[in-house]
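Examination of the molecular architecture
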Amino acid sequence: MCGIAGLIHRGKSSNVGSELQHMLQALKHRGPDSTGYALYAENDGQNFIMRFKVGENVGEGSTSINEDASVYDKRKKLVDNMLSELGAKVLKEDRLTPYSFRYEMQFNNDLMEFSKKIESIESVEILSIGKSLELIKDLGDAETVSERYGLGNVKGTHAIGHARMATESGVDIKSAHPFWGYPFSDVSVVHNGQLTNYWNNRRLLENKGMRFMSECDSELIAVYLAEKMRNGATLEEGMKDSLAGLDGVFTYFVATKDSLGMAKDTMAAKPLVLYESDDLVAMGSEEIAIRSILPQEIDTYDPFDGEVKVWQI
Amino acid sequence: MANLKTSEKKTKAQSMGLHSEVLTGKTQQKFFNPDEAENFFYWGAYDVDFNKRTDLDVKDMDCKEANRSIDELMSQGYGTIVIKNPQGKHSLGVGILNKLNLIFEGSLGYFGVGSIDGPMVRVNGRVGWSCAENMMAGKVVIEKNAGSCFGAAIRGGDLICKGMVGARTGIDQKGGTIIVGGDAGAFTGFMMQRGRIIILGDVGINLGDSMYDGTIYVGGKIGSFGSDAIESPMTKSDIDWLKRKLKVAELGENFDVSKMTKVVSGKKLWNYDALEPTEKKGAI
């Protein structure tokens, strides 16, 4: 199963952290293993925000191997050293859990090379880099994760999120959604479904220099779209290509710093309910997700098979 | 000796292997005539009065509480129940085997009014996936849109959506009628075995894929035909029936039903396992 939710406020900001939390909590029955948020927050847009982890959450039904917490400090130091080597200037750092960090920094060079170097450090994974994207994922339901990372008051224009039921890979943060569209800043993806040509596509993309951090089939969508955009395609073009390029059943959302998109496979095998108005688009795997933020009577519909839609803020 | 010739005389159904088993006791086969079916009541069904009306606010109830409350109201003789604030909750109004006027003032989630036999339902909103799944009899009217698997495996009754519906409408349908005022998604009538589907708008790809029997009428464009689904000429009785049915459904008042496309099973997939490999290829 798995539950996905997304919303975009057009022309204004709102409390997207709290709104997405309510939507994902309403979908908890679809995926209790982990929850992830990709929030496009009201930042000044000057500096990069890098969210990364140096270890896994080993509690709450995790399938990860238990580690001594002292290794996290060692890995953080290695990351700090690497950042100064790469010429990144860290302006602000927050340690949100023993294993996850949020750095605000200035950096002007190629993000792909930068990410490769940082992730060459053992067990270090960049969850996201962007000027407005804040990507948070951890084990537990939406309320637990929101409380742990203080997401309730995050304001922004749009957001996507995921409540995961682990089927294809382990219960851990690296397999949790959303996935960052490496190496593009501010690109994130959530997915509900299964991809059956994962390994074929993965091999092809790895040969082209793209990186995979997990064995979760959903990560392929993020990497697939990133590779398309790297070659000059627009987000919508990449998404339309994915309908033929990706095999299996899927409904997925992609967000960039100023847009939100959805795509549904040609068999319409996975659910999606959509609400569209002039100032708000809200969508989720089930209507109750939308109702959690819009309790009044509204008009919603299911997009058809093979449908791709993109909205701008 | 008895005349064996008369006992060996077989009907067409018997020659196909049907009705050859010996039925005794509780398994004895019974056939209902229409009058008996009309007057059939389930054991424990309530005697309700349609003029006795009440509201039920389910805003703070889960689906079990809401369904139990509906049952309790029926036991008190209420024949018209208006549900307030359903707010997209799942599995509301399921398993009602009773005569009842049930009105939802809002939208339902998944599996709304599933496995019902008898009630007249009106949803003044939208429904999610698998609305009225396994319905046996009654009438369900949806005023807005419906999700996928609309009317999955229904056995009877009328299921009407005035808006558009998702994919796999009437999947595994075994009887009854599904009427859609707008467009329908892919795989409409997938593996249907009996009954009729009327779509006034366009339909997606693979219409009637692997259908065994039954009829689909489409008013708009067809994305593509599924395996073993073929077009069939419209007859006068089709046109008369469609006119009658659409009137009952409060839909398509000025719709020219004679221009609809009629889709039926090519029946090449019947006895699929007994076909030769080349025949199988042709059937698919």
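Now for a quick tour of the structure.

Rules of the game
What you see as residue numbers is a count from 1 along each chain, following the sequence as written. A letter from A marks each chain and a number from 1 marks each ligand, given out in the order of writing. Note on the predicted model: pLDDT of at least 70 is required for a residue's local features to be given, and 80 or more for side-chain atom pairs to be given and counted; whole-chain, interface and lining totals, by contrast, use all residues. Put simply, DSSP marks the helices as runs of H or I at least four residues long and the strands as runs of E at least two long, and each gets a number from the N terminus on. Restricting the calculation to C-alpha atoms gives the radius of gyration, and the globule rule supplies 2.2 Å times the number of residues raised to the power 0.38. Exposure is read from a count of other C-beta atoms within 10 Å of each residue's own; the residue is exposed at 12 or fewer, buried at 20 or more and partly exposed in between. C-beta atoms are placed from the backbone. Fitted lines through C-alpha atoms give the axes, limited to the stretch in contact for helices. The angle between two N-to-C directions lies from 0 to 180 degrees. Oblique is the label for every angle not falling under 35 degrees (roughly parallel), over 145 degrees (roughly antiparallel), or within 65 to 115 degrees (roughly perpendicular). Helix crossings are classified by the rotation of the near helix relative to the far one: an anticlockwise turn of less than a right angle makes the crossing left-handed, while a clockwise turn makes it right-handed. We call two residues in contact if the C-beta atoms placed from their backbones are at most 7 Å apart. A set of buried residues qualifies as a nonpolar core if it consists of Ala, Val, Leu, Ile, Met, Phe, Trp, Tyr and Cys joined through C-beta atoms within 7 Å. Residue polarity is assigned by list, with Asp, Glu, Lys and Arg as charged and Ala, Val, Leu, Ile, Met, Phe, Trp, Tyr, Cys and Pro as nonpolar; anything else, Gly included, falls into the polar class.

Take the overall build of chain A next. Counting its regular elements, chain A contains eight helices and 15 strands. Radius of gyration (C-alpha) of chain A: 18 Å, near the 20 Å computed for a compact globule of 313 residues. By principal-axis analysis of the C-alpha atoms, chain A measures approximately 55 × 40 × 40 Å. Residue burial in chain A is summarised as follows: out of 313 residues, 51% are buried.

Turning to unusual backbone geometry, a few remarks are in order. Among all residues except glycine, the phi angle is most often negative; among peptide bonds, the trans geometry is most common. Between A:His177 and A:Pro178 the backbone carries a cis peptide bond, its omega angle lying at -5 degrees. Looking at the secondary structure, you find A:Pro178 in the loop between β8 (156-164) and β9 (179-180). Although it is not a glycine, B:Ala132 adopts a positive phi angle of roughly 60 degrees. Residue placement: B:Ala132 occurs in the loop between β4 (117-123) and β5 (137-142).

On to the packing of helix α6 (residues 219-230) of chain A against helix α7 (residues 235-245) of chain A, then. To describe two helices that pack against each other, one gives the angle between their axes and the distance between the axes. All names here are of chain A. Where α6 meets α7, the closest approach of the two axes is 9 Å, and the angle between their N-to-C directions is 125 degrees. Taken together, the axis directions place α6 and α7 in an arrangement best described as oblique. Every pair of crossing elements has a handedness; the one defined by α6 and α7 is right-handed. Every residue of α7 that contacts α6 at Ile221, Tyr224, Leu225, Lys228 and Met229 is listed here: Leu235, Gly238, Met239, Asp241, Ser242 and Gly245.

A general tendency of soluble globular proteins is for nonpolar side chains to be buried together. The biggest cluster of nonpolar side chains holds 155 residues, and the ones touching the most others in it are A:Leu20, A:Leu39, A:Ala159, A:Ala222, A:Phe253, A:Val254 and B:Val180. Top contributing element to this core by residue count: α6(A), with seven residues. Among all residues touching A:Leu20, those that are not within four sequence positions of it are A:Ala5, A:Leu7, A:Tyr37, A:Leu39, A:Ala159 and A:Gly161.

Our next topic: the interface of chain A and chain B. Taken together, the 16 residues of chain A in the interface contact 22 residues of chain B. Here the side of chain A that touches chain B is built from residues that sort into eight nonpolar, one polar and seven charged.

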